[in-house]
Amino acid sequence: MEDDVTNRSVVERARAVIPGGAQTGLRAQAYDLGEVAFSGARDATLETVEGETFTDYHLAFGPIVLGHGHPEVDAAARETIAEGVLYGAATTPLEVEVAERLVDLIPSAEQVNFCNSGTEATYHAIRLARAYTGNDRVIKFEGCYHGWHDYVDVSVYPPRERVGQRYPESAGMLPEAVKHTEVLPFNDPEAFEEAFEEFDDVAAVICEPIPHSVGCLLPETRFLETLREVTAGNDVPLIFDEVITGFRHSTRGVQHEFGVTPDLTCLAKAMGNGYPVAAVCGREDLMAQASGDNTSGVVISGTYSGHPVGLAAARETLRVLSEEPVVEEISALGERYRAGLADLLADRGIEGRVVGYGSVFSPQFGVTEEPRRYEDVLGLDEGAFSEFARGMRERGHFFTPNPYKRQHISWAHGERELEGYLADADAALGSISVN
Ligand SMILES: Cc1ncc(COP(=O)(O)O)c(C=O)c1O
């Protein structure tokens with residue numbers, strides 16, 4: 001690009017050749033607060049093509065757990081490239097090592113298959129479960145996001161009038177696929193038990209143990225325990241989607257914290273500190289269905305699956321997460337962001353709440369009760385959030401203006417970032433109006 005490149009010039013060129021001017025619709029929402037294009041990310045800071053810097057609370061939707069450009073993770077990726085970029089046959093010592101690490105860390109992991117995105121991981125998990133049960137019906141919960149494929153991109157953000165129904169999130173989804181996806185309310189053990197009384201053809205139950213695509217719904221213990229008991233009693237695989245929670249909230253997955261072990265687990269995001277790496281792991285008999293020669297049994301495939309660059313990043317990220325008190329420190333800091341924001345809302349008499357868990361937080365305006373299920377997120381004041389995001393962006397803090405998403409903290413965030421955030425949040429809150 002030429003030297004006098006500006007945010008506007010890059011975005012204008014993007015709009016001509018990339019639909020919406022960004023790789024995804026959610027990324028394009030950043031433009032709601034003004035055109036912006038990035039060219040650098042280091043520690044807790046993002047830099048635009050014009051050299052403006054922001055403290056980053058978006059963290060690429062969460063993968064950046066150690067901070068942008070962690071030197072040891074990046075060095076591991078570079079060293080791996082120097083040896084060879086892609087083999088695509090047999091196995092490698094690196095993939096064995098990372099698989100062994102996951103088996104050590106994640107309670108449900110007896111065997112592991114790598115892929116490159118959370119969406120692939122949930123797809124593979126559902127295919128394994130369908131093959132095991134011989135059934136078609138998948139149960140998911142309202143407000144949970146499991147990636148964009150047709151089996152699961154249903155009822156993540158249904159409008160109020162579509163709550164309780166199957167709501168395909170995209171045009172172009174196959175009705176046949178959506179028809180087999182049953183949607184139930186989160187945190188409702190009775191509804192779950194009733195569904196199992198009604199249906200004897202369930203293939204899989206997939207759940208985010210903490211639904212983070214709606215800020216944060218905290219699971220009730222009885223809900224998670226009921227999922228486990230009922231699925232075990234019916235020999236139906238329970239899939240935990242720990243794409244966000246795994247490694248960000250616990251190096252052993254929140255399944256370890258919550259004491260509920262699923263049959264299959266999907267991992268991605270924080271596992272590689274920003275490099276494309278993901279995994280489906282779980283019970284040996286379920287995973288072993290994919291051990292054939294791709295002519296029978298379950299086909300799991302992918303030219304780039306187990307890519308050495310992602311795996312080298314994962315090996316190093318998991319090492320740092322295991323040896324250093326990363327999760328404890330970012331979670332403690334997260335608690336202080338939440339408490340600080342809650343105090344500011346109270347001091348200014350602003351109707352709202354601060355949701356979150358560990359290193360994840362989000363202020364939600366116009367709603368006050370602690371949310372238990374998806375409906376409790378409906379009715380939040382989107383305009384007020386947008387005004388808050390604008391005020392924070394003007395003061396040097398970056399997160400997307402989507403009120404249903406979340407802000408993240410990395411190990412590169414510290415006291416300075418916390419103090420700066422709360423001081424600027426106080427000022428930004430001073431000019432919002434909540435309906
Ligand atoms: C809980 C959860 N599962 C799955 C996915 C899909 O992962 P990916 O975007 O890597 O395909 C996401 C992405 O945000 C997620 O938050």
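See the structure printed just above.
Analysis parameters
- Residues numbered from 1 in each chain as written.
- Predicted model: local features only at pLDDT ≥ 70, side-chain atom pairs only at ≥ 80, totals over all residues.
- Heavy atoms only, no water.
- Disulfide = S-S within 2.5 Å.
- Axes fitted to C-alpha atoms, helices over the stretch in contact; angles between N-to-C directions.
- Helix = DSSP H or I, 4+ residues; strand = E, 2+ residues; numbered from the N terminus.
- Left-handed = near helix turned anticlockwise from the far one by under 90°.
- Contact = heavy atoms within 4.5 Å.
- Nonpolar A, V, L, I, M, F, W, Y, C, P; charged D, E, K, R; others polar.
- Pairing = 2+ DSSP bridges.
- Buried < 20%, exposed > 50% of the residue type's maximum accessible area, 1.4 Å probe, protein only.
- Phe/Tyr/Trp six-rings, centres within 6.5 Å; stacked < 30°, edge-to-face > 60°.
- Lys NZ or Arg CZ within 6 Å of the ring centre and 35° of its normal.
- Near = heavy atom within 4 Å.
- Polar contact = N/O pair within 3.5 Å; in protein donor to acceptor, adjacent residues only side chain to side chain.
- Areas by Shrake-Rupley, 256 points an atom, 1.4 Å probe, with all protein chains shown as cover.
- Expected span 1.5 Å × (residues − 1).
- Arc of directions from axis to C-beta.
- Patch = residues over 30% accessible without salt bridge, like charges linked within 9 Å, V, L, I, M, F, W, Y side chains within 5 Å.
- Salt bridge = Lys/Arg side-chain N within 4 Å of Asp/Glu carboxyl O.
- Lys, Arg positive; Asp, Glu negative; His and termini not counted.
- Charge placed at Lys NZ, Arg CZ, Asp CG, Glu CD.

Novice: An account of the state of the cysteines is requested, with residue identities and associated values reported.
Specialist: This structure, assessed with the given rule, holds zero disulfides. Cys144 carries a free sulfur, and the closest cysteine sulfur to it, the one in Cys207, is 5.0 Å from it.

Novice: I'd love a proper account of the packing of helix α3 (residues 71-83) against helix α11 (residues 308-323), names of residues and values included.
Specialist: At a closest axis distance of 8 Å, the pairing of α3 and α11 adopts a crossing angle of 145°. By crossing handedness, the relation of α3 to α11 is classed as right-handed. Where α3 abuts α11, its residues Glu72, Val73, Ala76, Ala77, Thr80 and Ile81 lie against Pro308, Val309, Ala312, Ala313, Glu316, Thr317, Arg319 and Val320. Here the contact of α3 with α11 is composed, by residue class, of nine nonpolar, two polar and three charged.

Novice: Account for the sheet that holds strand β12 (residues 360-365), with residues named and values stated.
Specialist: Judged by pairing direction, the sheet is antiparallel, and its three strands sit side by side in the order β11-β12-β14 without closing on themselves. The two strands at the open ends of the sheet, each matched to only one other strand, are β11 (352-357) and β14 (407-408). Pairing analysis gives six bridges linking β11 to β12, with the strands arranged antiparallel. Residue pairing across strands places Val354 opposite Pro363, the latter belonging to β12. Contacting β11 and β12, helix α12 (residues 326-348) runs over the sheet at an angle of about 175° to β11. Across the sheet, helix α13 (residues 382-394) touches β12 and β14, and the angle it forms with β12 is around 125°.

Novice: Describe the side chain of Glu316, listing the residues and the values that go with them.
Specialist: On the secondary structure map, Glu316 appears in helix α11. Judged by relative accessible area, which is 15%, Glu316 ranks as buried. Not counting the four nearest positions on each side in its chain, Glu316 is found in contact with Glu72, Val73 and Ala76.

Novice: I'd like a rundown of the packing of aromatic side chains, residues and numbers included.
Specialist: Summed over the entire model, instances satisfying the criterion amount to 21 aromatic pairs. Relative to Phe186, the ring of Phe141 has its centre 6.5 Å away and its plane inclined at 80°; by these criteria the two rings are edge-to-face. Here Phe141, found in strand β5 (residues 137-141), pairs with Phe186, found in the loop between β6 (181-184) and α7 (189-198); they are 45 residues apart in sequence, far enough to count as distant. Accessibility classification places Phe141 together with Phe186 in one group, the buried group. Connected via pairs of aromatic rings, a cluster forms that spans Phe141, Phe186, Phe192, Phe196 and Phe223. The ring centre of Tyr145 lies 5.8 Å from the NZ or CZ of Lys405, which sits over that ring.

Novice: Got a sec to walk through the site of the ligand? Specific residues and values, please.
Specialist: In the region of the ligand, the neighbouring residues are Ser117, Gly118, Thr119, Tyr145, His146, Gly147, Glu208, Asp241, Val243, Ile244 and Lys269. Contact between the ligand and Thr119: an oxygen atom at 2.5 Å from a side-chain N or O atom of the residue. Here a nitrogen atom of the ligand sits 3.3 Å away from a polar atom, N or O, in the main chain of Tyr145. Across the complex, the protein chains shield 84% of the 390 Å² of accessible surface that the ligand would expose by itself. Residues that form the shell around the ligand fall into these classes: three nonpolar, five polar and three charged.

Novice: How would you sum up helix α14 (residues 415-429)? Please name residues and give values.
Specialist: Compared with an ideal rise of 1.5 Å per residue, which puts 15 residues at 21 Å, α14 spans 21 Å between its outermost C-alpha atoms and is within 8% of the ideal. Listed as buried for α14 are Glu417, Leu418, Tyr421, Leu422, Ala425, Ala428 and Leu429. Projection of α14 onto a plane perpendicular to its axis shows the buried side chains occupying an angular sector of 130°, all on one side. The outward face of α14, more than 90 degrees from its buried face, is lined by the exposed residues Arg416 and Glu419. Among the structural elements, β3 (53-56), α12, β12, α13, β13 (397-398) and β14 are those in contact with the buried residues of α14.

Novice: For a negative patch on the surface, give the residues involved together with the corresponding values.
Specialist: A cluster of acidic residues, Glu193, Glu194, Glu197, Glu198, Glu225 and Glu229, forms a negative patch on the protein surface. Tallying contributions element by element places α7 first for the negative patch, with four residues. With respect to the element layout, Glu197 can be found in helix α7.

Novice: Just give me the short version of the sheet that holds strand β4 (residues 111-115), but keep the residues and values in it.
Specialist: Pairing is mixed in the open sheet, where seven strands are placed in the order β4-β10-β9-β8-β7-β5-β6. Looking along the sheet, the strands with just one partner apiece sit at the ends: β4 and β6. Taken pair by pair, the neighbouring strands of this sheet meet at an average axis angle of 20°, ignoring direction.

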